Amino acid sequence: MNASSTTYERDYWFCQLMGWGVLGLLSILSSSLGDWHSALRMSAAKLICTLAGLGLSHLWRRQLQRRGWLEQPKRLPLAAIASGVAIMTLLQTGVLLCVDLIFNHAAIFDDGRAAIAINLVLVLLLWFVVFAIWTLCYAVALTRRRANRFALEKLQLGVSVKDAELRALQAQINPHFFFNSLNSIRALAYQDADACARAINSLASMMRHTLQTHHTALVPLADELQAVQAYLAMEQLRFAERLVFSAHIKDDVGQVRLPPLVLQTLVENAIRHGVERSKAPCQISVEARRRDGAVEICVANQGQLAEHSQSTRLGLANARQRLLLQCGPAARCTLTADAGWVYATIVLPEEAGC
C-alpha cells in the first residue's frame, strides 16, 4: 500500500468514525430524558444500532469497490445502488427491532397496528435516507480523489514532457558548440602549435563547464560568464584584433541563475554574425543589471541584423524555449538592431525564480 492509499484509508476511517460517532451521540442525547435506567437501556440500544450502521456502511463500501459501481460517474447503475441501499435499510431496521426486543421489551409493537405501521415506515425511511446520504458523500469523495489523481498524473506528465524537451534542446547545443570549437582548433593546428595548445586548454575548460551543468537546470550568471570568457579566449586566437570583448556585470546580479549555455549561444551568434562578417575590429559586450524589477542581460555586437539567417533564428528560438521551460512565461529573449549594433537581450523577472 503506497502513501496515497494509506492517506486515503486514514481519511476514510476518520470520516466514518466522525460521522457515525456524531449520529450516535445525538441519538444517545435524545434518550437522556426520563429515569436513568430507561436512559441507560436506550443509550445501549442506540449505541448498538450505530455500530451496526458503521459495519453495514463499511461492507457497502467494499461492495461498491468490488463491483466498481462508482467508477464511471456518467453511467451509474442507479437501480443496483438503490437496491443496495434498500437492503442495508432492511438489515439496519432488523437490528433495531432486535435491539428494541432485547432492551425495551419490543415496545415498538405495543401500539396499535396503524401506529406500528407508521413507526416502521418512518424507521425504514429514516435509515434509507441515512444510507443514501452516506453513499452520496462517498461518491463525492471518490470523485474528488479521482480528480486529484488525474491532476497529479497530468502534472507528472507535464514535468516529463518538459524534461524531455529540455534534454532535446541541450542536445542541440552541445554538438554545435563542440563542432565550432574543433573547427577553431583545426585551423590553429597548422599555424601555431602554442596557440593550438592554449585553445585546447580553453576547450577543456568549456567542456568541463558543460559536463558539470549538463544535469543542472539553472546556473549562476558568474559561472556562465567564466565559460564565455574561456570560449572567447579561444576565439580570439583565431580573430586576433578583430574581436574586442568587454563585460559589465553589476555585483548584485552575479548570482542570478539562468539556463546553462543560453548566454553561450547568444555570444556564439554575436561572433558568427558580427566578428566573422567584419574585416575591421568588431566589439562584443555583455552587460547585466537590474531594471524595473527584472534582471536584464544583454549581448551586443557591432553589425547588422541578418533578416534571413536561419542559424541566428534557430539559436534564438532555442534560447527562448529553454527560458520558457525553465524560468516561466515571464522570461523572454529578444533580438533588436539599432545604429549599427545588434542586441540580444534576456529579461528574467525576479518572480520567475531564476
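Residues numbered from 1 in each chain as written. Predicted model: local features only at pLDDT ≥ 70, side-chain atom pairs only at ≥ 80, totals over all residues. Heavy atoms only, no water.

Novice: Honestly, the overall build of the protein chain in this entry has me stumped. Any pointers?
Specialist: Counting its secondary structure elements, the protein chain contains eight helices and seven strands. Here the protein chain holds 354 residues, and 39% of them are scored as buried. Taking the intrachain contacts of the protein chain between residues at least 6 apart in sequence as the baseline, contacts between residues at least 24 apart amount to 73%. Total accessible area on the protein chain is roughly 20300 Å²; 62% of this is exposed by carbon and sulfur atoms. (Helix = DSSP H or I, 4+ residues; strand = E, 2+ residues; numbered from the N terminus. Buried < 20%, exposed > 50% of the residue type's maximum accessible area, 1.4 Å probe, protein only. Contact = heavy atoms within 4.5 Å. Areas by Shrake-Rupley, 256 points an atom, 1.4 Å probe, with all protein chains shown as cover.)

Novice: Where do I start with the nonpolar core in this structure?
Specialist: Most often, soluble globular proteins have nonpolar side chains that are buried together. One finds Val 267, Ile 271, Ile 297, Ile 346 and Leu 348 to be the most contacted residues of the largest nonpolar core, which totals 43 residues. Secondary-structure elements contributing two or more residues to this core are helix H4 (113-189), helix H5 (193-212), helix H6 (221-239), helix H7 (262-275), strand S4 (282-291), strand S5 (294-302), helix H8 (310-327) and strand S7 (341-349). With eight residues, the single largest contributor to this core is H6. Other than its neighbours up to four places away in sequence, Ile 271 contacts Tyr 231, Leu 232, Glu 235, Phe 239, Glu 276 and Ile 284. Counting residues in hydrophobic clusters, the runner-up holds 20 residues, among them Tyr 8, Trp 60, Val 123 and Ala 139. (Core = buried A, V, L, I, M, F, W, Y, C linked by side-chain atoms within 4.5 Å.)

Novice: So what exactly am I meant to see when it comes to the packing of aromatic side chains here?
Specialist: Within a pair of aromatic rings, the relevant descriptors are the distance that separates the centres and the angle that separates the planes. Under the defined criterion, the tally for this structure stands at seven aromatic pairs. Between Trp 20 and Trp 127, the ring centres sit 6.4 Å apart and the planes meet at 25 degrees, which makes this aromatic pair stacked. Of this pair, Trp 20 sits in helix H1 (residues 3-29) while Trp 127 sits in helix H4, placing them 107 residues apart in sequence. Residue classification places Trp 20 among the buried positions, given a relative accessible area of 6%. With a relative accessible area of 9%, Trp 127 lands in the buried category. (Phe/Tyr/Trp six-rings, centres within 6.5 Å; stacked < 30°, edge-to-face > 60°.)

Novice: Help me out: how do you make sense of the sheet that holds S5 in this one?
Specialist: Two modes of strand pairing occur in sheets, parallel and antiparallel, and in both the strands are linked by backbone hydrogen bonds. An order of S2-S4-S5-S7-S6 is seen for the five strands of this open sheet, with the pairing classed as mixed. Strands at the two margins of the open sheet, each flanked by one partner only, are strand S2 (243-249) and strand S6 (332-338). Averaged over all adjacent pairs, the angle separating strand axes in this sheet is 15 degrees, with direction ignored. Bridge analysis of S2 against S4 gives seven bridges, and the strand direction is parallel. Within S4, the residue paired with Val 244 across the bridge is Gln 283. Its contacts with the sheet put H6 on S2, S4 and S5, and the angle it makes with S2 is roughly 170 degrees. The strands touched by H7 are S2, S4, S5, S6 and S7; relative to S5, the strand with the most contacts, the crossing angle is about 20 degrees. (Pairing = 2+ DSSP bridges. Axes fitted to C-alpha atoms, helices over the stretch in contact; angles between N-to-C directions.)

Novice: Just to check I follow, could you spell out the packing of H6 against H7 for this structure?
Specialist: Two numbers describe a pair of packed helices, the interaxial angle and the distance between the axes. For the pair H6 and H7, the least separation of the axes is 9 Å and the interaxial angle reads 25 degrees. Relative to H7, the element H6 lies roughly parallel. Here H6 and H7 pass one another in a crossing that is right-handed. Contacts between H6 and H7 pair Leu 221, Glu 224, Leu 225, Ala 227, Val 228, Tyr 231, Leu 232, Glu 235 and Phe 239 from the former with Val 262, Leu 263, Gln 264, Val 267, Glu 268, Ile 271 and Val 275 from the latter. Here the contact of H6 with H7 is built from residues that sort into 12 nonpolar, one polar and three charged. (Parallel < 35°, antiparallel > 145°, perpendicular 65-115°, else oblique. Left-handed = near helix turned anticlockwise from the far one by under 90°. Nonpolar A, V, L, I, M, F, W, Y, C, P; charged D, E, K, R; others polar.)

Novice: Is there a simple way to explain the environment of Val 299 in this structure?
Specialist: With respect to the helices and strands, the residue Val 299 is situated in strand S5. Remark: the alpha-carbon pair of Val 299 and Gln 264, spanning 35 residues in sequence, is separated by 9.9 Å. Not counting chain neighbours up to four residues away, the residues in contact with Val 299 comprise Leu 263, Leu 266, Val 267, Ala 270, Ser 285, Val 286, Val 342, Tyr 343 and Ala 344.

Novice: I tried to follow the side chain of His 273 on my own but got confused; where do I start?
Specialist: Tracing the chain through its elements places His 273 in helix H7. Looking at His 273, the relative accessible area reads 10%, which means it is buried. Engagement of the side chain of His 273 in a polar contact is seen with the side chain of Arg 277, the distance being 3.2 Å. (Polar contact = N/O pair within 3.5 Å; in protein donor to acceptor, adjacent residues only side chain to side chain.)

Novice: Honestly, the pattern of salt bridges in this entry has me stumped. Any pointers?
Specialist: Scanning the entire structure with this criterion turns up five salt bridges. Between Arg 61 and Glu 9 there is a salt bridge, with the nearest N and O atoms lying 2.6 Å from each other. Of this pair, Arg 61 sits in helix H2 (residues 36-67) while Glu 9 sits in helix H1, and the two are 52 residues apart along the sequence. Relative accessible area serves as the criterion here: at 3%, Arg 61 is assigned to the buried category. (Salt bridge = Lys/Arg side-chain N within 4 Å of Asp/Glu carboxyl O.)

Novice: Explain the pairing of S6 to me, please; I cannot follow it from the model alone.
Specialist: Look at any regular strand and the pattern is simple: side chains alternate between the two faces of the sheet. Examined bridge by bridge, S6 and S7 share seven bridges and lie antiparallel to one another. Considered in S7, the bridge of Cys 333 is made with Ile 346. Between S6 and S7, which pair antiparallel in sequence order, lie two residues; one of them, Ala 339, sits at a positive phi of approximately 55 degrees.

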